[in-house]
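In case you want the letters, here they are:
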Amino acid sequence: MSSKVERHVLFNRHEIEAAVRRLAAEITEDFRHKNPLLLGVLRGSFVFLADLIRLLDFPLEVDFIGLSSYGSGTQTSGKIKVTKKLETPVPGRHVLIVEDIVDTGLTTAFLQKYLIRRKPASVKLCALADKPSRRQVPVNIDYLGFTVPDRFLIGYGLDANQKFRNLPDICSLEAEE
Ligand code: IMP
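Let me begin by describing the structure that accompanies this report. Computed from a predicted structure; not experimentally measured. Per chain, residue numbering runs from 1 following the sequence as it is written. Totals for whole chains, interfaces and linings use every residue, but because this is a predicted model, local features are given only for residues with pLDDT of at least 70 and side-chain atom pairs only at 80 or more, for both listing and counting. Values shown for side chains rest on all heavy atoms present in the structure; no hydrogens or waters enter the calculation.

1. Section: the overall build of the chain
Okay, so step 1: A helix here means a DSSP run of H or I that spans at least four residues, while a strand means a run of E at least two residues long, and both kinds are numbered starting from the N terminus. Per the secondary structure count, the chain includes 3 helices and 9 strands.
Okay, so step 2: Starting at the N terminus, the α and β elements of the chain follow one another as β-α-β-α-β-β-β-α-β-β-β-β.
Okay, so step 3: Against the 2.2 N^0.38 benchmark of 16 Å for 177 residues, the chain shows a C-alpha radius of gyration of 16 Å, consistent with a compact globule.
Okay, so step 4: In terms of principal-axis extent, the alpha carbons of the chain reach across some 60 × 35 × 25 Å.
Okay, so step 5: Within the chain, counting contacts between residues at least 6 apart in sequence, those at least 24 apart form 67% of the total.
Okay, so step 6: Carbon together with sulfur atoms contributes 51% to the accessible area of the chain, which is approximately 9,300 Å² in total.
Okay, so step 7: Note on charges: Lys and Arg go in the positive column, Asp and Glu in the negative column, and His and the chain ends are not counted at all. To locate a charge, take atom NZ for lysine, CZ for arginine, CG for aspartate or CD for glutamate. Each charge class in the chain was averaged separately, 25 positive and 22 negative side chains, and the resulting centres sit 7 Å apart. We take the radius of gyration over the C-alpha atoms and set the globule estimate at 2.2 Å times the residue count to the 0.38 power. Between two residues, a contact is recorded if the distance between any of their heavy atoms is within 4.5 Å. Accessible surface is estimated by sampling points in the Shrake-Rupley manner with a 1.4 Å probe; for residues, cover comes only from the protein chains shown.

Okay, structure coming up:
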């Protein structure tokens, strides 16, 4: 039996742009006087974060943390590894985590605990996409772009085996007979 993998556009670049604008408006309302630290989770969030911050017209700082839950392939290993440390001191800061996608929730739950130990003033979460059907631990998303079905997504920063991050649309990978 042979199967090939097809891509389908789930959200095109215009839909993504509209979602990012909506999120930027919500974040502006809540953070414009707080000099927040936007914390991008590498690698998947870098495209989203780059678009988002250019719509935020108030003082803010950006840092990154590298977290990895997937080895290769499309299944989570369940283990979270810090692949790049956060460099900005967190005590007293209003931290806004910027994630590409919340899937099992394990990565986000790990990061929230990691930050809370460092005594921030507050921690909130902005995620481009949420796959609630796959959740293993509860995660509260404060600013959400899209709720997505249980499919493997690529594009707009999301990868499959480190490929496809450069696609401008969010696509799903589907195996076809
Ligand atoms: P979680 O720990 O299972 O919530 O997974 C979080 C991370 O897994 C995300 O930040 C992504 O980097 C990656 N991930 C989860 N689902 C997908 C997907 O559909 N496509 C690409 N990466 C994904």
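2. Section: a positive patch on the surface
Okay, so step 1: Surface patches are drawn from residues lacking salt bridges whose relative accessible area is over 30%; two like charges belong together within 9 Å, two nonpolar side chains (Val, Leu, Ile, Met, Phe, Trp, Tyr) within 5 Å. Any Lys or Arg side-chain nitrogen found within 4 Å of a carboxyl oxygen on Asp or Glu counts as a salt bridge. On the surface, K85, K113, R117 and R118 cluster together into a patch of positive charge.
Okay, so step 2: Mapping R117 onto the fold places it in the loop between α3 (106-116) and β6 (122-130).
Okay, so step 3: Residue burial is assigned from relative accessible area. The probe radius is 1.4 Å, only protein chains are included, and a residue is buried under 20% of its type maximum, exposed over 50%, and partly exposed in between. The exposure class of R117 is exposed, given its relative accessible area of 58%.

3. A short note on the pairing of strand β9 (residues 170-176)
Okay, so step 1: Note on pairing: two strands pair once DSSP finds at least 2 bridges between them. As defined by bridge partners, strand β1 (residues 4-11) adjoins β9 across 7 bridges and the pair is classed as antiparallel. Residue pairing in the sheet places F11 in a bridge with I170 of β9.

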